[in-house]
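If you want the building blocks of each chain, they are given just below.
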Amino acid sequence: MIYQPHRTMPDHRAVAAAIDSGLMGRIFTIKRRNACYFARDSWQAYRKNGGGTLYNRGSHYFDECIKLSGGKPVKANCILTRALAYGDADDSFKAIVRTDNGVVLDIEMIMAAAYNCVQWEIFGDLGTAVQTRDAQGRDVIRVRYYSEPVSQRPIQQYVPIANVSDESGDGPWKVKDFYLDDYPRLNIYDLCYDYYALGKEPFVPVSDTLTVMKTLDACLADAGDVIYVNDVNL
């Protein structure tokens, strides 16, 4: 059974619940981001060792997004960058993947970021979800959605958008929070026991991981050389 622990995490489970609720309508874009400031000098900093952020961290984010999209990747574009790493492998990447059911996956990891980023954004034709915190400081996936019949949506006019801090809807717009605390982390070892000892279906099918690896390979081929920021003429 493939080790993909991000599927067990509260944020992933809450995002899945928000998508499954149908409140956002047809999902067309899923954005997944992660940021830190880390000058890597281990084996992962070198391409000869199979290092690089795309493969070592991206495998988890690609797995999450592909699963949530409900589709299969058909096109991938990517840019690889090295800013802080001491080796020759990428420490940041930006990937855009299109699936066969029309969902665009926007996946990004930056290891030279001094500020945090919004880790999840999901866009549908009836609403949007974003990871944030409520007024009490609780982590949530906040969904703002159009609650009236689709036929009543305004035509040919710009509709004011709301701040993420707005916890209540207005007019036809409603807000629903999916609290991460309501989706506790699953115990990966219990899932392993279910598979190895009880003969249940694997939590992460091998076929899913083959899809992830093929997509990563496509991204690497599209990206070509790693862009080293100190070599760029400004």
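Residue indices begin from 1 for each chain and proceed along its sequence in written order. A pLDDT threshold of at least 70 governs which residues receive local features in this predicted model, and a stricter bar of 80 or more applies before side-chain atom pairs are shown or counted, although totals over entire chains, interfaces and linings include all residues. For side-chain calculations, the full set of non-hydrogen atoms in the structure is used, while hydrogens and water are omitted.

(A) A look at the packing of helix H3 (residues 58–69) against helix H5 (residues 206–223). The angle between two axes is taken between their N-to-C directions and runs from 0 to 180 degrees, where each axis is a line fitted to C-alpha atoms and a helix contributes only its stretch in contact. Elements are defined by DSSP. Helices are runs of H or I of four residues or more, strands are runs of E of two residues or more, and each kind is numbered from the N terminus. As a packed pair, H3 and H5 sit with axes 10 Å apart at the nearest point and diverge in direction by 115°. Crossing angle aside, the handedness with which H3 passes H5 is right-handed. Residues Gly58, Ser59, Phe62, Asp63 and Ile66 of H3 form the contact with H5, whose own contacting residues are Thr211, Val212, Thr215, Leu216 and Cys219. Looking at side-chain class alone, the contact of H3 with H5 contains 5 nonpolar, 4 polar and 1 charged residues. Two helices that cross are described as forming a left-handed crossing if the nearer one is turned anticlockwise from the farther one by less than a right angle, and a right-handed crossing if clockwise. Should any heavy atoms of two residues lie within 4.5 Å, those residues are counted as being in contact. Note on residue classes: Ala, Val, Leu, Ile, Met, Phe, Trp, Tyr, Cys and Pro are nonpolar, Asp, Glu, Lys and Arg are charged, and everything else, Gly too, is polar.

(B) Local environment of the pairing of strand S3 (residues 92–99). Examined bridge by bridge, strand S2 (residues 73–82) and S3 share 8 bridges and lie antiparallel to one another. Residue proline 73 lies in a different strand from S3, and its bridge partner there is threonine 99. For two strands to count as paired, DSSP must find a minimum of two bridges between them. Both S3 and strand S4 (residues 104–110) contribute to a ladder of 7 bridges, which runs antiparallel. Residue pairing in the sheet places valine 97 in a bridge with leucine 105 of S4. Count of turn residues in the S3/S4 antiparallel hairpin: 4 residues, of which glycine 102 carries a positive phi of about 85°.

(C) Representation of the packing of aromatic side chains in the model. Planes of paired rings set the category: under 30 degrees apart is stacked, over 60 is edge-to-face and the rest tilted, where pairs are Phe, Tyr or Trp rings (Trp by its six-membered ring) whose centres lie within 6.5 Å. All told, the structure shown has 4 aromatic pairs when counted by the stated rule. Where tyrosine 146 meets tryptophan 173, the ring centres are 5.4 Å apart and the plane angle is 75°; that geometry is what we call edge-to-face. Separated by 27 residues along the polypeptide, tyrosine 146 in strand S7 (residues 139–146) and tryptophan 173 in strand S8 (residues 173–179) bring together distant segments of the chain. With respect to class, tyrosine 146 is no different from tryptophan 173; both count as buried. Relative to tyrosine 196, the ring of tyrosine 195 lies with its centre 4.8 Å away and its plane at 65°, an arrangement referred to as edge-to-face. We classify tyrosine 195 as partly exposed; its relative accessible area is 30%. We call a charge positioned over a ring when the NZ of a Lys or the CZ of an Arg lies within 6 Å of the ring centre and within 35 degrees of the ring normal. In this structure, arginine 82 packs its charged tip against the face of tyrosine 228, placed 3.6 Å from the ring centre. The ring of phenylalanine 178 carries the charged tip of lysine 176 above its face, separated from the ring centre by 5.1 Å. Summary of the burial criterion: residues with accessible area below 20% of their type's maximum are buried, those above 50% are exposed, and those between are partly exposed, where the area comes from a 1.4 Å probe applied to protein chains only.

(D) Structural detail: the pattern of salt bridges. When a carboxyl oxygen of Asp or Glu lies within 4 Å of a side-chain nitrogen of Lys or Arg, that pair is called a salt bridge. Evaluation of the coordinates by the stated rule reveals 11 salt bridges. With its nearest N and O atoms 2.7 Å apart, the salt bridge here joins lysine 94 to aspartate 106. In this pair, lysine 94 sits in strand S3 while aspartate 106 sits in strand S4, placing the two residues 12 residues apart along the sequence. Owing to a relative accessible area of 8%, aspartate 106 belongs among the buried residues under this scheme.

(E) The arrangement of the nonpolar core in detail. Among the buried residues, those of types Ala, Val, Leu, Ile, Met, Phe, Trp, Tyr and Cys that are joined through side-chain atoms within 4.5 Å form a nonpolar core. Core analysis: the largest hydrophobic core is formed by 40 residues, its most contacted members being Ile30, Phe62, Phe93 and Ile122. Among the elements that make up this core, the one with the highest residue count is helix H1 (residues 10–20) (6 residues). Excluding anything up to four places from it in sequence, phenylalanine 62 contacts Leu54, Phe93, Ala95, Val97, Ile107, Val212, Thr215, Leu216 and Cys219.

(F) Structural detail: the side chain of threonine 29. Of note, threonine 29 is situated in strand S1 (residues 27–35). In this structure, threonine 29 is in contact with Val103, Val104, Glu121, Ile122 and Phe123, ignoring residues within four places of it in sequence.

The analysis is restricted to geometry; functional conclusions fall outside its scope.
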